[in-house]
Every structure is written in C-alpha cells, then in structure tokens.
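# A structural walkthrough
Each chain, letter by letter, is given below.
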Amino acid sequence: MEVQLFVPTFQVDECLQEIRECLEKGWPGLGFKTIEFEEAWKKYANLPYAHLVNSGTAGLHLAVNILKKRLKWQEGDEIITTPITFVSTNHVILYEKLKPVFADVDHYVCLDPDDVIKKIGKKTRAIMFVGLGGNLGQYEKIVEICRHLRLALILDAAHMSGTKIDGQQVGKEADVAVFSFHAVKNLPTADSGMICFRLAEDDAFARKLTWLGIDKDTYARTMNTESRNKWMYDVEDIGFKYHGNSIMAAIGLVQLKYLDQENEYRRNLADSYTSALKECNTIQIIPTASGCESSRHLFQILVNKRDKLIVALNKNGVFPGVHYRDNTEYSMYRYASGTCPHAHEISGKLLSLPVHLRMTEKDADKVAQLVIKHIHK
Ligand SMILES: Cc1ncc(COP(=O)(O)O)c(C=O)c1O
C-alpha cells in the first residue's frame, strides 16, 4: 500500500477539450476563458466579484495592497493573523510594510477570537482569517469583531473552496476572500487563485493592478475602439503581473463542476478516519465547527511523538503531512516567539492524514489502523 498526502485528480478529457479550445483560438492568456471561469465561480460561490489571479499568494498580496491604499493604512500598521498557516498568509503583510501581529489559535486551529481581542491595539487595521483545512473555526465571531471595531477582514480561503454555511460558499462576509487553485487544492488547476472583493471599486482596481497598472478603460474611453493604437493606454499605478490565464481557467472551469461531489467524497473519508480513531484516547481529532460543511481539504489530528509516528507511517507506505509549523518559529517571525502558547504547543503534534480522491474509505481505515498501531511505540 502507498498512500500519499495529496494526489490531485483531473477530469482529463474534459480539461483537454477546454484547453484545446484556447489553443485553437490562439488565446491561451488573459481573456475569454478567464472571464468564463470568473463568471462560473461567482455563480457557484454567490459572490459579487471574482478575478482570476496566477496564485493564491498573488491574490492575498493584492488584497492587502488594495485595502491599504483605499483605507490609507500607514507603514507599520498592524494586521492580526495566525501563526498556524502557510507562510504566504504572513509574507503578504510584510510585502506591504505592515506588521503581522500573531494571535493564538483555538481548538479548531483557527484564530481564537478571545486572543484576537487581546492583540488589538491602536495600529490594528485588519484581521486575516485562515479557514485551516476548510474549517470555519470561530470565523463568525471574527466577522462580528471586525464589524464592531470597523476593522477590515481578509479571508485566506486557500483551503475553503466549497466550504459552506447554510448551503452557501463562505466568503461574502469578508472585505476580500482569496481562494487558491494550486495543484493540490480542492479545486486544482496547476497554479492559480481567485480574489473576490466585496466592493466594485476594489475589484476594478484589482483588474488594473494584476496587469501592471495598465488602465485599459482610459484607453478604451480615449480611443473608443480596442483595435486602434493599442499602445495608447495610460499607466497610473505600479501594478503587478498577477493575472490568470485561459489554460488555468480551462482546467478550473471543468474542476469546478465536480467540486461539491469531490468534497463530499473527502468528507466521507474524514468520517471513516473519525470512526476508526475516535476510541483511541491518545489521539485528538480536530473538530469541524458546528454548522460548517467543510471542504475537508485536510483531516488533522494531534498526537504526541508526532515525528516518530511519521517515520513509522512512511515505512509502511503512508505519507502524511504537517499543516503547519508555528510561523513564529521561523527566523523572520521570531520577534513574535512566545506570543501564541497554544499554537506553539500543538505545532509539534499536528498531523494531516492523507485525503484525496484516489483513496477509498478502506484505505482511510487502513491508515487509521496503522496510526493506532504505531502511536504507542
Ligand atoms: C493557507 C494558505 N494560504 C495561502 C496559500 C497560497 O496559495 P498559492 O499556493 O495558490 O499561492 C496556501 C497554499 O499553499 C495556503 O495553504
């Protein structure tokens, strides 16, 4: 038996057909397919705006960049964030010369609202919430805190494609939600992401900034036709090369059709793990928040002697993962060391068991039995 942590599954023929259309048209870049995918995502997620970018990281950076400009944040202003995340979440705050202030995580391994409140100060401008593994945690309390204190809310929804409350995709409560369609995410492409702002002006600005700040609208207004004098555009802002392309959009459009069905499959795998592991009192299963239909990007447990267990599982052909190491242990975030004791404690115990569509519930059960067998050794 060999069970990897993540193996993406693509609807290959359908993807190739969509890609073929781009190639035959001679239009693999930003254009007709990216627009089609944005429209399909807006419809699926019931979000007012969506713009395809070339990664979740690019989307998160743009989110901070645009909110900083509109809300006139100053260098050194603070964003409260989580230490248990992929570094993209926190690097993008630094890209904009703002300061990541770390709040501790709760038993869902998401931001703990009580600690968030303690970390809010005069310079706090926003909260960055990560729905770890597709979980909602206490997101609704964070939404309330932001509304009450007039803080911006950025949702790092990299793991949350298909995470729902009351049957609705999570995201519209935030000023901006950013999804990742990286190769091993629930809606895999190769590399891309979707940035979804609440306001039309932010979305319009994002579209300009993802193409180096080129103002196509000004050009269109001035020239009154797109076909003449294409070089006569204006550049009003320092933008980035962050836009998505039609090849990624082609894959995304196909994969989106299967997202709900695939997430359900993931939830069934998670249920198999839960029933096999729940009697083992040395394993703590990270719970899903009530009312949350998780995308189940991850199935996470807490175990003692985690690293030894990983070696034993590897020897048996099972390759779990760790999401994530406490970011305040990294050299560059060490200034915050000691500020999040719970995150620090669980960071050495967190283990993500394999969840993907090429596994069966029987495989999940076998992995669980191996975990139980080796946990006490
Ligand atoms: C929590 C989290 N945030 C952000 C990202 C960045 O997404 P991408 O890989 O699409 O840049 C990832 C992806 O690995 C992630 O796991």
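Everything discussed here concerns the structure shown above.
The model shown is predicted, which means the values in this text are computed figures rather than measured ones.

Another aspect to go through is the overall build of the protein chain. Looking only at helices and strands, the protein chain has 12 helices and 15 strands in total. Against the compact-globule benchmark of 21 Å for 377 residues, the protein chain has a radius of gyration of 21 Å, which places it among compact chains. Over its C-alpha atoms, taken along the principal directions, the protein chain stretches across nearly 75 × 55 × 40 Å. Across the 377 residues in the protein chain, those meeting the buried criterion constitute 56%. Counted over contacts in the protein chain with a minimum sequence separation of 6, partners at least 24 positions apart contribute 71%. Looking at the protein chain, you have 47 positive and 47 negative side-chain charges, and the mean spots of the two groups are 3 Å apart.

Here the focus is helix α12 (residues 361-375). Three or four residues apart is the spacing at which side chains of an α-helix point the same way, because the helix has 3.6 residues per turn. Under the 1.5 Å per step criterion, the end-to-end length of α12 is 21 Å for 15 residues, consistent within 8% with the ideal 21 Å. Buried within α12 are the following residues: D363, A364, V367, A368, L370, V371, H374 and I375. Along the axis of α12, the buried residues cluster in a sector spanning 160 degrees; they form a single face. Away from its buried face by more than 90 degrees, α12 exposes K362 and K373. Lining the buried residues of α12 we find α9 (246-277), β14 (299-302), α10 (306-315) and β15 (350-353).

The subject of this paragraph is the nonpolar core. W41 and I127 are the most contacted members of the largest nonpolar core, which totals 56 residues. The biggest single contributor to this core is helix α6 (residues 139-149), with five residues. Mapping this core onto the domain boundaries places at least three of its residues in each of domain 1 (12-254) and domain 2 (259-375). In this view, I127 contacts I79, I80, L111, V116, I142, I145, C146, L151, A152, L153 and I154; residues no more than four positions away in its chain are not counted. Residues V64, A126, V176 and F197 belong to the second largest nonpolar core, which totals 26 residues.

This paragraph deals with the packing of helix α1 (residues 12-25) against α9. Where α1 meets α9, the axes come as close as 9 Å, and the angle between the chain directions of the two elements is 150 degrees. In terms of axis orientation, α1 runs roughly antiparallel to α9. Between α1 and α9 lies a crossing of right-handed hand. On α9, the residues touching E14, C15, E18, I19, C22 and L23 of α1 are S246, I247, A250, I251, L253, V254, Q255, K257 and Y258. Of the residues in the contact of α1 with α9, the class split is 10 nonpolar, two polar and three charged.

What counts and what doesn't
Residues numbered from 1 in each chain as written. Predicted model: local features only at pLDDT ≥ 70, side-chain atom pairs only at ≥ 80, totals over all residues. Heavy atoms only, no water. Helix = DSSP H or I, 4+ residues; strand = E, 2+ residues; numbered from the N terminus. Rg over C-alpha atoms; globule rule 2.2 N^0.38 Å. Buried < 20%, exposed > 50% of the residue type's maximum accessible area, 1.4 Å probe, protein only. Contact = heavy atoms within 4.5 Å. Lys, Arg positive; Asp, Glu negative; His and termini not counted. Charge placed at Lys NZ, Arg CZ, Asp CG, Glu CD. Expected span 1.5 Å × (residues − 1). Arc of directions from axis to C-beta. Core = buried A, V, L, I, M, F, W, Y, C linked by side-chain atoms within 4.5 Å. Domains from an automatic or database assignment. Axes fitted to C-alpha atoms, helices over the stretch in contact; angles between N-to-C directions. Parallel < 35°, antiparallel > 145°, perpendicular 65-115°, else oblique. Left-handed = near helix turned anticlockwise from the far one by under 90°. Nonpolar A, V, L, I, M, F, W, Y, C, P; charged D, E, K, R; others polar.

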